[in-house]
Amino acid sequence: MTTSTGQQSAEYNLSESEKKKIIFLMCSVLLFSAMNGTMFMIAVPDIANSFSLSPSQVSWVVIGYIILYAVGALMYGKLADIYPLKTLLTIGISFFVAGSLLGFFAPTYLIVILARMIQAAGAASIVALAFIVPTRYFPEERGKVLGIVSSTMAFASGIGPVIGGFVAGALNWQFLFLISALIIFTIPFFRIWMPEEKKKEGKVDILGALFIAIAVATLILFITAFVWWYIVISICFFSLFTWRIFHSDNPFIHPDLFKNAPYRITIIAGFFGIMTMFGMMFIMPLMLSKVNGLNTLFIGLTLFPGAMAAAYIGKWAGVLTVNRGSKQVVYIAFVLMTVGFFLLSTFTGSSPWMISIVIIIIYIAFPFIQTGTASLISIALPRNEIGVGMGIYNLFNLMSGAFGSAIIGKMLDYESTKAFNVFSVAQGSGIIYSNVFIGLALLTILNGGFFYFTFKKLGV
């Protein structure tokens, strides 16, 4: 591993100035990409009113985006093992801008859906390659740069609802598309500042890619819509994909990848960790609206301090990764999440300022869990598999968000009259939220135990 790191450092020979420019560029486009998703979640009710849509119809603004985003993250990860990152980012950003401009001028709802899916096809390149850039270009500073990337994502996810609520309220939801289109100004800088790379040996298994794309898309549809035949189709195509990777000379994903125990453990622990985080992000606006009676703007303002704290403190996740190791950073994330979920369960129904303070603890955990797990994956995999390995990592993260939102959404359909947390001050409609948060805390403890004992058993 040390030899590989040294080879990568010598290969690109980037100056400190060039490194800072690349990091600034990646964080800038990542900010737009991550913010784009949460901005539109706030605007869904306004879009429904504009086109007289039912909740199931307007949900495709989010569902269509998630499907292309998840599948695209995997595809770009695989392509990154073969094609230059500069080329992939230029193509991805171009798609993102094209979708944004189409959405701004969209005359019908179908065009809005098409615009969002084109956006997602481009945005997927950004989230996929943002975690590959530190490993490829700055291997000796990988942990530090991954911390910056992860804190940027956390900040963007938190500030998105604030900007979305303000723009949609003051102007119109279509102007959210126009904000996203501003990313076009980064393309010339990517062409100038990103290192030159040659196309590597290898080709993409198109049939295998098609099988996994359909399997993932129908799985997400099942998670969000709970239509049984989606899961049947998903299982069929996952089976075809499994058959394909064992019978193709050049499989889309080599089966040996999943035999790598540290990689497999990190993917599983990361899936459940991110699932609880996204579950919290999904439930918070609902709770603040129903229990605390806040409108969209004040919900965003309540979440905003957490996003700011994640952006500021999150960079230390990278520093700790370098100084203490990736696993220690993941342990810190699990502790922060457990404490934060327990406090949210305890103070559900309290004043918004109290909730806002507690949320800071959990938001800080977001860059820690992402930095630690992404760094572990980059260490566990050989260089020629990091792209597809990170693609699978991003795919699992995005699917975990869909799982968390769907499961918690179903749990909130049930009434609860008894709080499982004996310290909870929740009453009435707040009790079910308190119980969900204590459930997330228990799941985090179990996940942390799995992560610790399986790595201990491996002796690594």
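As a convention, each chain's residues are numbered from 1 in the sequence order in which they are written. With pLDDT at 70 or above as the cut-off, local features in this predicted model cover only qualifying residues; side-chain atom pairs require 80 or more to be listed or tallied, and sums for whole chains, interfaces and linings still use all residues. For the side-chain quantities, the full set of heavy atoms in the structure was used; hydrogens and water were omitted.

The next thing to look at is the packing of aromatic side chains. Between rings of Phe, Tyr and Trp, where Trp is taken as its six-membered ring, a pair exists when centres lie within 6.5 Å; planes separated by under 30 degrees are stacked, by over 60 edge-to-face, and by other angles tilted. Taken as a whole and judged by the stated rule, the model has 21 aromatic pairs. Taking the centre distance of 6.2 Å and the plane angle of 75 degrees together, the rings of F342 and F423 count as edge-to-face. Remark: F423 occurs in the loop between α18 (386-411) and α19 (430-458) and F342 occurs in helix α16 (residues 326-347); sequence separation between them is 81 residues. On the basis of relative accessible area, F342 is assigned to the partly exposed category, the value being 31%. Buried, partly exposed and exposed residues are distinguished by accessible area as a fraction of the type maximum, computed with a 1.4 Å probe on protein chains only: under 20%, between the cut-offs, and over 50%, respectively. The exposure class of F423 is exposed, given its relative accessible area of 55%. Here the aromatic residues Y331, F334, F451, Y452, F453 and F455 are joined through ring pairs into a cluster of three or more. Positioned over the ring face of F40 is R116, at 4.1 Å from the centre of the ring. Only when the NZ atom of a Lys or the CZ atom of an Arg is both within 6 Å of the ring centre and within 35 degrees of the ring normal do we say a charge sits over the ring. The ring of Y65 is capped by R116, whose NZ or CZ atom sits 4.0 Å from the centre of that ring. Strands are runs of DSSP state E lasting at least 2 residues, helices are runs of H or I lasting at least 4, and numbering of each runs from the N terminus.

Further remarks concern a nonpolar patch on the surface. A surface patch of nonpolar side chains, amounting to about 330 Å² of accessible area, comprises L101, L171, F175 and L178. By the secondary structure assignment, L101 is in helix α5 (residues 85-104). Like charges are joined within 9 Å and nonpolar side chains (Val, Leu, Ile, Met, Phe, Trp, Tyr) within 5 Å, but only among residues with over 30% relative accessible area and no salt bridge; these make up the patches. Exposure was quantified through the Shrake-Rupley algorithm and a 1.4 Å probe, taking into account, for residues, occlusion by the shown protein chains and nothing else. Should a side-chain nitrogen of Lys or Arg be within 4 Å of a carboxyl oxygen of Asp or Glu, the pair is scored as a salt bridge.

This next bit is on the environment of I359. As for its placement among the helices and strands, I359 is situated in helix α17 (residues 352-380). Spatially, the C-alpha atoms of I359 and L344 are 7.5 Å apart, while their sequence positions differ by 15 residues. Here a residue-residue contact requires only that any non-hydrogen atoms of the pair lie within 4.5 Å. If near-sequence neighbours (up to four positions away) are discounted, I359 is found in contact with M284, L303 and L344.

Using protein atoms alone on a 1 Å grid, points that fit a 1.4 Å probe yet trap it form a cavity, whereas open point sets bounded by protein on both sides within 12 Å along at least five of seven lines form a pocket; residues with an atom within 4 Å of a point count as lining. Grid points are joined across faces, edges and corners, and a volume is the space filled by probe spheres set on the points. In total, this model carries one cavity of 30 Å³ or more according to the counting rule given. Space inside the largest cavity adds up to approximately 40 Å³. Considering the residues around the largest cavity, the lining is formed by I23, M26, C27, A130, V133, P134, F138, V145 and V149. Listed by contribution, the elements that provide at least two residues to the lining of the largest cavity are α2 (16-51), α7 (133-137) and α8 (142-170).

Here the focus is the environment of S180. By the element assignment, S180 lies in helix α9 (residues 175-181). Separated by 37 residues in sequence, S180 and G143 have C-alpha atoms that sit 29 Å apart. For S180, the residues in contact, after removing those within four places along its chain, are F32, N36, M39, F96, S100 and Q119.

Right, let's talk about the confidence of the model for the protein for a bit. A residue's pLDDT is the predictor's confidence in that residue, given on a scale from 0 to 100. Confidence along the protein averages 86 in pLDDT terms, with 97% of residues attaining 70 or more. A low-confidence stretch, residues 1-10 stays under pLDDT 50, and its non-local contacts, those more than four residues away or across chains, total 11 contacts.

Attention now goes to the layout of surface pockets. Considered as a void within the structure, the second largest pocket measures approximately 430 Å³ in volume. K78, D81, N384, E385 and V388 are, among the 25 residues lining the second largest pocket, the residues nearest its centre. If you list the elements that add at least two residues to the lining of the second largest pocket, you get α4 (60-80), α7 and α18. Considering every element that reaches the lining of the second largest pocket, the biggest residue donor is α18, with three residues. Polarity classes work like this: nonpolar for Ala, Val, Leu, Ile, Met, Phe, Trp, Tyr, Cys and Pro, charged for Asp, Glu, Lys and Arg, and polar for all others, with Gly in that last group. Of the residues assigned to the lining of the second largest pocket, the class counts are nine nonpolar, seven polar and nine charged.

A helix is expected to reach a length of 1.5 Å times the quantity of its residues less one. Across its 29 residues, α19 extends 43 Å between first and last C-alpha, which sits within 8% of the 42 Å expected from 1.5 Å per residue. Positive phi shows up at G459, right after α19, with a value of about 75 degrees.

Once that is clear, we can look at the packing of α16 against α17. The angle between two axes is taken between their N-to-C directions and runs from 0 to 180 degrees, where each axis is a line fitted to C-alpha atoms and a helix contributes only its stretch in contact. The interhelical angle for the contact between α16 and α17, taken along N-to-C directions, is 155 degrees, at an axis separation of 8 Å. Here α16 lies roughly antiparallel to α17, going by the angle between them. In this structure, the crossing between α16 and α17 has a hand that is left-handed. Classifying every residue of the contact of α16 with α17 by side-chain character gives 23 nonpolar, five polar and one charged. Roughly parallel means an angle under 35 degrees; roughly antiparallel means over 145; roughly perpendicular covers 65 to 115; every other angle is labelled oblique. Two helices cross in a left-handed way if the nearer one is turned anticlockwise from the farther one by less than a right angle. They cross in a right-handed way if the turn is clockwise.

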